[in-house]
Amino acid sequence: MSTVGVRERGAGLDGVGGFDWGGRVDRVSRRWSWTLRGMVLIGGLGMIGLALLSLRQQRLQAMHELAACRLREAGHDTRLWSLRSEISLQVTPERVSLMPLGVGGSAE
């Protein structure tokens, strides 16, 4: 039996489906492989950047809403204190004695 043109078992295999490329690597496919890797890397970094920008925008919007709530709260506090001062001006000891004590109570 002639062994011309027969290789040892496993020689020249690149591990992809056991296909024998004969030890030759195609330069064009290698270049496309690196180009594809670069495109995937750039796309992945772009998606990460967009996710970070989205999180930043959500944080800024939440801070804006919190500031608006605090401003409304300050306005409510101002209104509350103005009402309390009005009540304190209108309530005098003479007027307190005229107020009913409660349901079924008597003012003496």
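Residues numbered from 1 in each chain as written. Predicted model: local features only at pLDDT ≥ 70, side-chain atom pairs only at ≥ 80, totals over all residues. Heavy atoms only, no water.

1. Things to note about the overall build of the protein chain
- Looking only at helices and strands, the protein chain features 2 helices and 0 strands.
- For the protein chain, the residues scored as buried account for 0% of the 108 residues in total.
- With the model as given, the accessible surface of the protein chain reaches about 10500 Å², and the carbon-plus-sulfur share is 64%. (Helix = DSSP H or I, 4+ residues; strand = E, 2+ residues; numbered from the N terminus. Buried < 20%, exposed > 50% of the residue type's maximum accessible area, 1.4 Å probe, protein only. Areas by Shrake-Rupley, 256 points an atom, 1.4 Å probe, with all protein chains shown as cover.)

2. Remarks on the packing of aromatic side chains
- Scanning all chains against the criterion turns up 0 aromatic pairs.
- Note that Arg37 overlies the ring of Trp34, its terminal NZ or CZ placed 4.5 Å from the centroid. (Phe/Tyr/Trp six-rings, centres within 6.5 Å; stacked < 30°, edge-to-face > 60°. Lys NZ or Arg CZ within 6 Å of the ring centre and 35° of its normal.)

3. Section: a nonpolar patch on the surface
- A contiguous nonpolar surface patch, about 530 Å² in accessible area, is contributed by Leu41, Leu45, Ile48, Leu52 and Leu55.
- Here Leu55 is to be found in helix 1 (residues 27–90).
- Residue class for Leu55 comes out exposed when judged on its relative accessible area of 51%. (Patch = residues over 30% accessible without salt bridge, like charges linked within 9 Å, V, L, I, M, F, W, Y side chains within 5 Å. Salt bridge = Lys/Arg side-chain N within 4 Å of Asp/Glu carboxyl O.)

4. Here's the deal with the confidence of the model for the protein chain
- Per-residue confidence for the protein chain averages 80 on the pLDDT scale, and 67% of its residues sit at or above 70.
- Taken together, the stretch residues 10–14 has pLDDT below 50 and engages in 10 contacts with residues farther than four places along the chain or on a different chain. (pLDDT = per-residue confidence, 0-100. Contact = heavy atoms within 4.5 Å.)

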